[in-house]
Amino acid sequence: MEVGKTLDDFILMGRYDLMAAIMIELVMLSQCGNLMFMVFAGAVPKVTGCIGGNTTGLSPEEICQLYDAGECHPITEYQFLSANVEFGILCGDTKEIKDSTSSQMIGYLIGSLIWGQISDVFGRKRPMFICLLLNGILGLATCLSPDLLTLTVIRTALAFFFTGHVVIVFVLFCETFPSKHRLWLAFVLNWSPNYALVAIIAYLCGNWRWFSLIINVLCFPAAFILWFMCETPHFLLRRGLLTKAAEAVARIYKINGHQLDEKALNAVFEHERKHLELLSHQSYSFAHLFCTKRLAGYTTAIFLSFLMASMVNYSLLFNMEEMNGSIYVNAFFMGFFRLVLNLVSALVDFKCEKLGRKTEHNFYCLYALVTFGAAIVAEFLGISSSESSVLRFILLSTASMVCQLYAVVGVVCNEVFPTPIRNVAFAMTQLSEAVASIAAPQVFQLTSFGQWVPHGVMIVLITADLLFFSKFVPESRGKPLAEDMPEEAERLGIFRKDFHFDIPHHFPHQWPFEMSKDREEEKKIFKRENLRATL
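Throughout what follows, the structure given in this document is the object of discussion. Keep in mind that what you see is a predicted model, and the values were worked out from it rather than measured.

Quick notes on the rules
- Residues numbered from 1 in each chain as written.
- Predicted model: local features only at pLDDT ≥ 70, side-chain atom pairs only at ≥ 80, totals over all residues.
- Heavy atoms only, no water.
- Patch = residues over 30% accessible without salt bridge, like charges linked within 9 Å, V, L, I, M, F, W, Y side chains within 5 Å.
- Areas by Shrake-Rupley, 256 points an atom, 1.4 Å probe, with all protein chains shown as cover.
- Salt bridge = Lys/Arg side-chain N within 4 Å of Asp/Glu carboxyl O.
- Helix = DSSP H or I, 4+ residues; strand = E, 2+ residues; numbered from the N terminus.
- Phe/Tyr/Trp six-rings, centres within 6.5 Å; stacked < 30°, edge-to-face > 60°.
- Lys NZ or Arg CZ within 6 Å of the ring centre and 35° of its normal.
- Core = buried A, V, L, I, M, F, W, Y, C linked by side-chain atoms within 4.5 Å.
- Buried < 20%, exposed > 50% of the residue type's maximum accessible area, 1.4 Å probe, protein only.
- Contact = heavy atoms within 4.5 Å.
- Expected span 1.5 Å × (residues − 1).

A word on a nonpolar patch on the surface. A cluster of nonpolar residues, Leu197, Ile200, Tyr203, Leu204, Phe332, Phe336, Val340, Val344 and Val348, forms a patch on the protein surface that exposes about 830 Å² of accessible area. Among the elements of the structure, helix H8 (191–205) and helix H15 (327–351) are those that each provide at least two residues to the nonpolar patch. Its location among the elements puts phenylalanine 336 in helix H15.

The next subject is the packing of aromatic side chains. For any pair of aromatic rings, the description rests on two quantities: the centre-to-centre distance and the angle between the ring planes. All chains considered together, the criterion is met by 21 aromatic pairs. On the basis of an interplanar angle of 85° and a centroid distance of 5.3 Å, the ring pair of tyrosine 203 and tyrosine 328 is categorised as edge-to-face. Here tyrosine 203, found in helix H8, pairs with tyrosine 328, found in helix H15; they are 125 residues apart in sequence, far enough to count as distant. Following the ring pairs from residue to residue traces out a cluster consisting of Phe37, Phe40, Phe80, Tyr203, Phe211 and Tyr328. Against the face of tryptophan 227 rests lysine 125, its NZ or CZ located 5.8 Å from the ring centre.

Before going further, it helps to examine the nonpolar core. Judged by nonpolar contacts, the single largest core of 136 residues is most densely connected at Met23, Phe40, Phe211 and Phe417. Top element by residues in this core is helix H1 (residues 15–41). It accounts for 17 residues. Among residues more than four places away in sequence, those in contact with phenylalanine 40 are Phe80, Ser82, Val198, Ala199, Ala202, Phe211, Ile327, Tyr328 and Ala331. Counting residues in hydrophobic clusters, the runner-up holds 8 residues, among them Val47, Cys50, Cys64 and Cys72.

As a further point, take helix H16 (residues 357–380). Over its 24 residues, H16 extends 35 Å from the first C-alpha to the last, a length consistent with the 34 Å expected when each residue adds 1.5 Å. Just downstream of H16, glycine 382 is the residue with a positive phi angle, here 85°.

Nothing here speaks to function; it is all geometry.
The following block contains the structure:
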């Protein structure tokens, strides 16, 4: 075996990867559609008048006041037959839709806490298959919702399983494709190009029930393809299932038509097994993200950065009806602009080796600060995004620009946190995004305090992100990944091995594990000391 050879060297591009790519694209399109679902299903129609009443010269706000007072049977105009239109949720009642969107995201929050760990225990294939199947079933059930409450309950349950395949598909992607092809595939198989496709699907469907049917029925062919795929060899190897891992690699090679060097593969498995045995004696949790002041600073800054990016992205996304123009054009523009920015950012990052992560982060933040500042000035001048096409596209470009932070800060997160807590740190970013997705739909409700207030909130979040990221996160480009946890001397008291609480008098004076080195000896001491305490 060649020195330094790993399992990744046996992952080659072939027919199996084409099958995986088709499956992942179906999943991504369904995910993007579900993310955008409430943009269309919650689109607020315009109330233009009252049936049988003279509303000439009245503004939409004044007509809504008549409707809210029960003095108007409304005449509505809409681009998309949303749940608002069908259920008669108009004017002041539209807050119910924002509350529904926030409630649905509770399923996202719970799922982000659970599915990552389920995937680490049971693998990528089975949990993702279950998530896709139940996502599809609940998506079909959504089409039959008779009222907003039923819609909210079903969509909340759907969000829980939707989050499952959102979390798992990224890991499955990285463990399926060869290292040299991951970057360009990541720019193709993601949400950005699918935003435009979802806008086209919504336009062709025309109403929220058909839209829900189409975007969720995609889960079934994706689950069908996944059923014929293997569990990832990386997962099987880490679980110590060497025989199954070898069988998975052999099956992939058979599908691809490649010749497998079984002797070299077995040597890699043996080397990896010994390495994993050395790392398996200690586990870490979310608490260890704060085990030193330095790591606590990283955690706080990166959490805040993801929170800010998600608040900006989702608040503009879930309130797109507040902007001038067609919601289809707005969604298409956002998707197309994100795709262009993805490709440009990748090219610049590849060509400009001296361009640091913090510089990229600060550029995107400063762009957002300038645009939100311009929006506030425009509001004070009496120009709003619901009237100005220029301001509308500026704000949509801001959402697309801030979304680049997901990639930049995600890379920084992997580069600054040590290997033992790197997955935990990534789970923390998903938790941050879930929290933002719950709060974001409510941001534009703050216009009751002033039209400029939502944009002011964004400026505060962006400024805080800039300050914390600049203060606590080091430049990580070109530096080796951190492999080991901080030394004992650097850790805070409760995270040190020699830390112990004061023991009550009826407990043994000394903790049984305090001086022990061998695990079997620890068990004997534990039983002996507990017996003494009992007597």
